[in-house]
Amino acid sequence: MKHPLVRLLIAVPLTGMLLAGTLTAAWLALGAPKVASATTWFTVHHVGGAASFAESPDAPFYVLVLGNDSNPDDRDRPEPGLGDAIHVIGVNPATGDSSIIDVPRDTEAPGGGKINAYNATGGLPAIVGQLERMMGIDISYAITAGFPGFTAMVDEIGGVDITVTEPMVDHDSGADFQPGPYKMSGDSLLAYSRDRKSYPAEGDRQRTVNQGKAIIAALTTLRAQSPGAAGTAKLVATLARHVKTDGMDLTQLYDLGRLALTLDPARVKNVLLPTGQGSGTNLAVAASAQDLFADFRDDAILQNH
Amino acid sequence: MGGVSPAFAAKKPTPVVTMTSGDVTVYKVGDAPDTIPDDVRTAVIATLTGYVNAATVMPLQQGAVDDAGLATALAPAVAARLAGPDRAVLVDEGLPRAKPTSKVKVTATPVALTGLADGAGSVVVVTATVDTTTTAKTTKGKLVIKRTGDLVLEPDNGTWKITGYTLNVDRAGKAVRPTTTTTVPVAPAAAPTPVTAAR
């Protein structure tokens, strides 16, 4: 019996980001298990915007956190894979605020078809382009999962504190949680982030929201563990051994991580993209989403949602 | 009668602080040495010294910040923030000047430095934990300024500049007591204390 494919990414600022950005984030889709400690946890891409974060440090910017279902150990799952966990994070450095729009994988893209397929057919530029077109924004950074190093990363930081708000029982994902606070290991957080069967009505949509919650929880944990500018340096040095960069250097990674760790997780808004029934199994972007996008693109923050 | 003697007027205010480095830690991606190279450390300390002199000492001695000194110490993005609310944290102005006969005294604990080294072994970021106390006798009484926090420095065309900060500044003493006799401010008001900023 095949394992369901599980993928998850935690980005810090990575910065921060944010990791920051940076930014700073954790992500997951569908994926597979154990990885060696030397495995690449994720890749941070500079896909647009200013050449250097330091050039316009107060300018709002956007980060795509993307999990794909590729698996180097499975011929049927070649790179770059379907983009099955999609989160667009807006960061406003001037105010220290951040917002996340969680995009269900079956959402119809502006160019037609499911948004997650664009990563498989056209790679990162294609899915970034579709999301930019959908939301009317320019994405500066993308954080993508390599082979699932998620559990190793979460375990290395000592687990992530997260509160479960409703009973979650899903044998396929391994989720078995009652409401309450948890310090989750990599395996547990993976199960939490994969569970969709505990939500008969919302399914993948609620799972997508939970992934956003996992991002915020990871940021909270990392922020607590990495106080101050020196703490960020220590964290970035650790991450850099497991993170690939594309169009960025270590200094930029540090800057992004530092920014991510200054964001207050309690003020991060996590909002699900409103969708309705589309053609076939697609989810159509709801008309109300245009108001959401307008709120997002003016300063990267969702004030009214 | 009165005024400042030519000899005194020509006297250039003297920087009164020299920072020194304290504990050094390096976090590294590859096989970098466990210390920050001497040339980097020297450049970083020079930048920190220049910043304190330009932002704190010179305003107390001359009545205005040393813009040229700040431009040398601060990266452009940080310098741009001098136009915003963080100015009250970054520089000490709007305060009474030190008496000409009184020294501005700065004591600084050795600066703990933390370096981030890339895979090639080069230190690309240095963080500095600063703790300075500046005292001066002014025409309005004693002034004590305590500034603590972290500064982030990165290389910039052969020098090291401050690119980020988490600072807290606490100004105390008779010199910063609010006055009820002045109705028209002629200079930026001294910031309420303590004030903090992080970027």
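Structure's up top.
Conventions we followed
Residues numbered from 1 in each chain as written. Chains lettered and ligands numbered in written order. Predicted model: local features only at pLDDT ≥ 70, side-chain atom pairs only at ≥ 80, totals over all residues. Heavy atoms only, no water. Helix = DSSP H or I, 4+ residues; strand = E, 2+ residues; numbered from the N terminus. Buried < 20%, exposed > 50% of the residue type's maximum accessible area, 1.4 Å probe, protein only. Contact = heavy atoms within 4.5 Å. Areas by Shrake-Rupley, 256 points an atom, 1.4 Å probe, with all protein chains shown as cover. Core = buried A, V, L, I, M, F, W, Y, C linked by side-chain atoms within 4.5 Å. Salt bridge = Lys/Arg side-chain N within 4 Å of Asp/Glu carboxyl O. Buried area = accessible area lost by both parts, 1.4 Å probe. Expected span 1.5 Å × (residues − 1). Bend = angle between axes of the 7 residues up to and from the residue. Axes fitted to C-alpha atoms, helices over the stretch in contact; angles between N-to-C directions. Parallel < 35°, antiparallel > 145°, perpendicular 65-115°, else oblique.

### With respect to the overall build of chain B
Thinking step 1. The helix and strand tally for chain B stands at five helices and seven strands.
Thinking step 2. Traced from its N-terminal end to its C-terminal end, chain B shows the element sequence α-β-α-α-α-α-β-β-β-β-β-β.
Thinking step 3. Within chain B, the fraction of its 199 residues that count as buried is 42%.
Thinking step 4. Intrachain contacts of chain B at a sequence separation of at least 6 include 68% that bridge at least 24 residues.
Thinking step 5. Carbon and sulfur atoms make up 57% of the accessible area of chain B, which totals about 10000 Å².

### Focus on the nonpolar core
Thinking step 1. Phe42, Leu189, Tyr192 and Tyr254 of chain A together with Leu116 of chain B are the most contacted members of the largest nonpolar core, which totals 56 residues.
Thinking step 2. The residues touching Leu189 of chain A, leaving out its near neighbours within four places in the chain, are Phe150, Val154, Val160, Ile162, Met184 and Ala214 of chain A.
Thinking step 3. Ranked by size, the runner-up nonpolar core spans 46 residues in total, among them Val40, Leu48, Ala73 and Leu74 of chain B.

### Considerations on the pattern of salt bridges
Once their charged atoms are close, side chains differing in charge can pair, the charge on each being opposite to the other.
Thinking step 1. Inspection of every chain in the model, using the stated rule, returns 13 salt bridges over all chains.
Thinking step 2. Across the pair Glu202 of chain A and Arg205 of chain A runs a salt bridge, and its minimum N-O distance is 3.3 Å.
Thinking step 3. One salt bridge connects Asp131 of chain B with Lys146 of chain B, and the closest N-O pair in it is separated by 2.7 Å. Here Lys146 of chain B lies in strand S5 (residues 141–156) and Asp131 of chain B lies in strand S4 (residues 123–138), a separation of 15 residues in the sequence.
Thinking step 4. Residue Asp131 of chain B is classed as partly exposed on the basis of its relative accessible area, which comes to 24%.
Thinking step 5. Because the salt bridges share partners, they merge into one network encompassing Asp92, Arg147 and Arg171 of chain B.

### Considering the interface of chain A and chain B
Thinking step 1. In this complex, chain A contributes 19 residues to the contact, which on the side of chain B involves 19 residues.
Thinking step 2. The junction of chain A with chain B conceals about 1500 Å² of combined surface from both sides, 61% of it contributed by carbon and sulfur atoms.
Thinking step 3. Counting the surface chain A buries against chain B, the share from its top three residues, Leu250, Thr251 and Arg258 of chain A, is 30%.
Thinking step 4. If you look at where chain A meets chain B, you find one salt bridge.

### Structural notes on helix H2 (residues 38–62) of chain B
Residue and element names in this part refer to chain B.
Thinking step 1. If you check H2, its first and last C-alpha atoms are 33 Å apart, about what 25 residues at 1.5 Å a residue would give, namely 36 Å.
Thinking step 2. Its axis deflected by about 35° at Asn53, H2 carries its strongest bend there.
Thinking step 3. A positive phi of about 95° marks Gly63, the residue just after H2.

### Digging into the environment of Ser21 of chain B
All names here are of chain B.
Thinking step 1. Assignment of secondary structure puts Ser21 in strand S1 (residues 21–28).
Thinking step 2. Under the relative-accessibility criterion, Ser21 is labelled partly exposed at 27%.
Thinking step 3. On a C-alpha basis, the gap between Ser21 and Ala112 in space is 6.2 Å, while along the polypeptide they are 91 residues apart.
Thinking step 4. Excluding anything up to four places from it in sequence, Ser21 contacts Arg41, Ile45, Pro110, Val111 and Leu113.

### Points about the packing of helix H4 (residues 204–225) of chain A against helix H6 (residues 250–262) of chain A
Residues and elements named next belong to chain A.
Thinking step 1. Running from N to C, H4 and H6 cross one another at 100°; their axes reach a closest spacing of 9 Å. Between H4 and H6, the angle is such that the two are roughly perpendicular. Contacts between H4 and H6 involve Leu219, Leu222 and Arg223 on the former and, on the latter, Ala260, Leu261 and Thr262.

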